[in-house]
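# Survey of secondary and tertiary structure
One-letter residues, chain by chain:
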Amino acid sequence: MQMYICVIDSSGEIHHHRNHPTTPDELSLIIHRFGTDIVIGVECMFSWYWVADFCEEHRIPFALGHALYMKAIHSGKTKNDRIDAMKIASMLRGGMFPLAHAYPKAKRATRDLLRRRQFFVHHRAALLSHITNTNTQYNNIPIKANLLRASNREGIEDRFDSEAVRQSITADKYLLDHYHRVILDIESTVMRHAKADDAHALSLLRSIPGIGPVLALTILYEIGDIERFPKVGNFISYARLVKCSHESAGKRSKGGHNKIGNAHLKWAFSEAAVLLIRERDEAKRLHQSLSAKYGRAKSLSIIAQKLGRLVFHILKHRQTFDAERFFGTRIAEPVI
């Protein structure tokens, strides 16, 4: 791999502009050549981890550029590594560099392991769906048992007469067993790390109805540090719990940019809203009231947003869930 480095001073003069091997030693040589009074900026892509760790080790200020906000790079007529490096350096010099959050090294690997778990869960769900759909395809008796339980999958291939179909179902069962063990091992590892990192915050999240161990872990590690959000609005925007609006000349329209924010937090709060309604009668009545006014889909979004606000204040003030306060307060108008 290669990295294009552009070194520019405060007056805008370019002192270095060329390609280099992607190694810490090579980056260290460049830094020693120009001194340590520098700031290193990179675009937010998959390979920024090692640069951030290098800067932390050498006590060099590090700036991670928000990929979706760096229009000066993506919208150019001509685009290559040489031009991108110069634009990044110029934006950093001019104070127009859109910052993204550089997740701390201490918790980064655990967060990525938890994200990997979700990848495996999606594959496990696809295997379960294939078994159910194949059973329907051959017009067999519907499967009512929960196939997540290994005991309910025993002998399920005997429902089919074709040897090829039985082998397909057997392969699904084999992979399901392995995925299940891998997922359980990951959950155990992440839970152990979470208890060591912030057991109190984990217990606070678990006190909220609808938030189980997996959702609590997801929220805990996707947030990282709640203090990085100055206000609740910043947090629910980061969690994709509000929609952006565009206004020009007094005319407002629903904007795009729905992918800006944390998709994992969006999923976690959406799941928590559904589980909350399932568990608590007060939540069911709240959902019915909001559905009558806004419709079922939007009412779920409002409850998810309310849960996001709740999590922010619980983690900020270190207080447990208060059911009377949560369900007793008037629901604010949703932010559209």
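Bear in mind that the values here come from a model prediction, so they are computed numbers and not experimental data.

### Brief notes about the packing of aromatic side chains
The tally for this structure, following the rule as stated, stands at 12 aromatic pairs. Between the aromatic rings of Phe119 and Phe120, the centroid separation amounts to 5.7 Å while the plane-to-plane angle is 65 degrees, which identifies the pairing as edge-to-face. A relative accessible area of 36% means that Phe119 is categorised as partly exposed. Centroid distance Phe321 to Phe327: 6.5 Å. Interplanar angle 85 degrees. Geometry classified as edge-to-face. Taking the relative accessible area as the measure of exposure, Phe321 reaches 14% and is therefore buried. In textbook terms, an aromatic cluster arises when at least three aromatic residues are bridged by ring pairs, as seen for Phe229, Phe235, Tyr238, Phe269 and Phe312. The lysine or arginine in question, Arg111, covers the ring of Tyr103, its NZ or CZ lying 4.4 Å from the ring centre. Lying across the ring of Phe119, Arg116 places its NZ or CZ 4.3 Å from the centre.

### Comments concerning the side chain of Arg117
By the secondary structure assignment, Arg117 is in helix α5 (residues 105–137). Not counting chain neighbours up to four residues away, the residues in contact with Arg117 comprise Ile183, Ile186, Glu187 and Val214.

### Observations concerning helix α7 (residues 213–223)
With 9 of 11 residues buried, α7 is to be regarded as a mostly interior element. Listed in full, the buried residues belonging to α7 are Leu215, Ala216, Leu217, Thr218, Ile219, Leu220, Tyr221, Glu222 and Ile223. In the core, the buried residues of α7 are packed alongside α5, α6 (163–206), α8 (232–238), α9 (263–279) and α11 (296–317).

### Considering the layout of surface pockets
Roughly 1100 Å³ of volume is contained in the second largest pocket. What lines the second largest pocket is a set of 36 residues, among which Tyr4, Ile5, Cys6, Gly41 and Val42 lie closest to the centre. Where the lining of the second largest pocket is concerned, the elements lending two or more residues are β1 (2–8), α1 (24–34), β3 (40–43), α2 (49–58) and α4 (81–94). Of the residues in the lining of the second largest pocket, the class split is 23 nonpolar, 6 polar and 7 charged.

### What to know about the pattern of salt bridges
Applying the stated criterion across every chain yields a total of 11 salt bridges. Arg115 is the salt-bridge partner of Glu222, the closest N and O atoms lying 2.8 Å from each other. Taken together, the positions of Glu222 in helix α7 and Arg115 in helix α5 put the pair 107 residues apart, joining distant regions of the chain. Since its relative accessible area comes to 27%, Arg115 is described here as partly exposed. Taking the shortest distance from any N to any O, the salt bridge between Asp281 and Lys284 comes out at 3.9 Å. With Asp281 and Lys284 both in helix α10 (residues 281–294) and 3 residues apart, this pair spans about one turn of that helix.

### Quick look at the packing of α9 against α11
Between α9 and α11, whose axes approach to 8 Å, the crossing angle comes to 105 degrees. Here α9 is positioned roughly perpendicular relative to α11, judged by the angle of their axes. Between α9 and α11, the residues in contact are Phe269, Ser270, Ala272, Ala273, Val274, Leu276 and Ile277 and Leu300, Ile303, Ala304, Leu307, Gly308 and Val311, respectively. Residues of the contact of α9 with α11, tallied by class, amount to 11 nonpolar, 2 polar and no charged.

### Let's talk about the nonpolar core
Ile219, Ile223, Phe235, Phe269, Leu307 and Val311 are the most contacted members of the largest nonpolar core, which has 60 residues in total. Contributions of two or more residues to this core are made by α5, α6, α7, α8, α9, α10 and α11. Excluding its chain neighbours within four sequence positions, the residues that come into contact with Phe269 are Ile219, Phe235, Ala239, Leu241, Ala304, Leu307, Gly308 and Val311. Counting residues in hydrophobic clusters, the runner-up holds 15 residues, among them Ile30, Val51, Cys55 and Ile60.

### Observations concerning unusual backbone geometry
A positive phi is found at Asn139, a non-glycine position, where the angle reads about 55 degrees. Topologically, Asn139 is positioned in the loop between α5 and α6. The class of Asn139 is exposed, set by a relative accessible area of 69%. Positive phi, close to 55 degrees, is recorded for Arg318, a residue that is not glycine. Of note, Arg318 is situated in the loop between α11 and α12 (323–328).

Cut-offs used in this document
Residues numbered from 1 in each chain as written. Predicted model: local features only at pLDDT ≥ 70, side-chain atom pairs only at ≥ 80, totals over all residues. Heavy atoms only, no water. Phe/Tyr/Trp six-rings, centres within 6.5 Å; stacked < 30°, edge-to-face > 60°. Buried < 20%, exposed > 50% of the residue type's maximum accessible area, 1.4 Å probe, protein only. Lys NZ or Arg CZ within 6 Å of the ring centre and 35° of its normal. Helix = DSSP H or I, 4+ residues; strand = E, 2+ residues; numbered from the N terminus. Contact = heavy atoms within 4.5 Å. 1 Å grid on protein atoms, 1.4 Å probe; cavity = no way out; pocket = protein on both sides within 12 Å on 5 of 7 lines; lining within 4 Å. Points joined across faces, edges and corners; volume = space filled by probe spheres on them. Nonpolar A, V, L, I, M, F, W, Y, C, P; charged D, E, K, R; others polar. Salt bridge = Lys/Arg side-chain N within 4 Å of Asp/Glu carboxyl O. Axes fitted to C-alpha atoms, helices over the stretch in contact; angles between N-to-C directions. Parallel < 35°, antiparallel > 145°, perpendicular 65-115°, else oblique. Core = buried A, V, L, I, M, F, W, Y, C linked by side-chain atoms within 4.5 Å.

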